[in-house]
Amino acid sequence: MKDLFQRTINYLRISVTDKCNLRCQYCMPAEGVELIKHDDLLSFEEIADFTRTAVEMGINKVRFTGGEPLVRRGFVSLVETISKIEGIKDLAMSTNGILLDKFSKPLKEAGLHRLNVSLDTLDPDRYREITRGGDVTKVLEGLEIAKKEGFSPIKINTVVNERQHGADAKMVEAYAQKNGFFIRYIMRMDLEKGEFWTVEGGDGGNCSICNRLRLTSNGLIKPCLFSDLGYNVRELGAREAILQAITNKPKAGTESHTNSFYAVGG
Ligand code: SF4
């Protein structure tokens, strides 16, 4: 599928939940958030049906996001269903890694290809502070097990405040190199202010080659993270919602007053 700017749209990011087991400072407000009601969440059948249609229309790369995808009950069965859809060449997941020790093996067996794991520091106190209570040793254990289970490549997403990387990022970089992981630096973004940068070590944030659509867990297809456009899959049907999202995909992101990273999946 091509959009009006001749960009090939072949990448679907699926947010399976807005729930998370962490409260990262740059993602969720300290007071918590009003979560999407259970009845408003797309069922696994609805997500699978939508993805089949999207693949028929040209999607061949799919990524599961959240919130934290591993907190959604039965998630591994969804991975298994989606991995069987012919035409998907790349099936990945973004995770905070807290539950990777438990889920690495079943995810691998279910057909997941690769992982991006969020890790901003190795310092336990700094990690607890950034995530408002998380235990970094769980993430490191999970990464060890994921590596043993044969996930490759494993990419580390590190949020940084400036291009000149600080001590935290340098710590993670050394750890990644030692373990054969690829590191990507994501500059802290601001949806309301429309502040974003290209991902260092990736292609996110580069509007001129943007190939992505996002499906939220309550059934909105969003053509751009930095836009308030969204098309309701349940009302329009998958095909029409995708067509409208692609036809109206902006040339470049501006700002969003309705999106949130935990509900759209970054
Ligand atoms: S801001 Fe929008 S158009 Fe630009 S890279 Fe992000 S999603 Fe794509």
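Our subject is the structure listed above.
Position numbers for residues start from 1 in each chain and track the written sequence from start to end. Residues qualify for local features only when their pLDDT is at least 70, as the model is predicted, and side-chain atom pairs are given and counted only at 80 or more; totals for whole chains, interfaces and linings, by contrast, use all residues. No hydrogens and no water enter the side-chain calculation; it runs on all heavy atoms of the structure.

Draft legend 1. Looking closely at the nonpolar core. Ranked by size, the top nonpolar core spans 63 residues in total, and within it Phe64, Leu107 and Ile221 carry the most contacts. If one sorts the elements of this core by residue count, helix H1 (residues 44–56) sits on top with six residues. Apart from residues lying up to four places away in sequence, Leu107 is in contact with Leu70, Phe75, Val76, Val79, Met93, Leu112 and Phe151. Residue types Ala, Val, Leu, Ile, Met, Phe, Trp, Tyr and Cys, when buried and joined through side-chain atoms within 4.5 Å, form a set referred to as a nonpolar core. Exposed residues in this analysis have more than 50% of their type's maximum accessible area, buried residues have under 20%, and partly exposed residues fall in between, with area computed by a 1.4 Å probe over protein chains only. Core analysis: the second largest hydrophobic core is formed by six residues, Leu191, Cys224, Phe261 and Val264 among them. Strands here are runs of E lasting at least two residues and helices are runs of H or I lasting at least four, both read from the DSSP assignment and numbered beginning at the N terminus. Whether two residues are in contact is decided by their heavy atoms, any of which lying within 4.5 Å being enough.

Draft legend 2. Quick peek at the pairing of strand E6 (residues 182–187). Among the six residues that make up E6, five are buried, leaving the element largely enclosed by the rest of the structure. Between any two strands, pairing holds if DSSP finds at least two bridges. Pairing of strand E5 (residues 154–160) with E6 involves six bridges; the strand directions are parallel. Bridge pairing in E6 links Val160 to Met187.

Draft legend 3. Structural view of the packing of helix H2 (residues 75–83) against helix H3 (residues 100–110). Helix axes are fitted to C-alpha atoms over the stretch in contact, other axes to C-alpha atoms as well, and angles between N-to-C directions run from 0 to 180 degrees. Contact geometry for H2 and H3: axes closest at 8 Å, N-to-C directions at 25 degrees. Taken together, the axes of H2 and H3 are roughly parallel relative to one another. As for the relative orientation of H2 and H3, their crossing is right-handed in sense. Across the interface between the two elements, Phe75, Val76, Val79, Glu80 and Ser83 from H2 touch Phe103, Pro106, Leu107 and Ala110 from H3. Looking at the contact of H2 with H3 residue by residue, the class counts come to seven nonpolar, one polar and one charged. An angle below 35 degrees is read as roughly parallel, one above 145 as roughly antiparallel, one from 65 to 115 as roughly perpendicular, and any other as oblique. Here is the rule for handedness: rotate from the far helix to the near one, and if that takes an anticlockwise turn smaller than a right angle the crossing is left-handed, while a clockwise turn gives right-handed. Only Asp, Glu, Lys and Arg are considered charged, only Ala, Val, Leu, Ile, Met, Phe, Trp, Tyr, Cys and Pro nonpolar, and every remaining residue, Gly among them, polar.

Draft legend 4. Broad picture of the pairing of strand E1 (residues 11–15). The element E1 is extensively covered by neighbouring structure, given that five of its five residues are classed as buried. Of the two faces of E1, the one lined by Tyr11, Arg13 and Ser15 and the one lined by Leu12 and Ile14 are each fully buried. Pairing between E1 and strand E2 (residues 61–65): five bridges, direction parallel. Counterpart to Leu12 in the pairing with E2 is Val62. A crossover connection joins E1 to the parallel E2 through H1; in handedness this β-α-β unit is right-handed. Orient the strands so they point away from the viewer; a crossover is then right-handed if the path from the first strand over the helix to the second runs clockwise.

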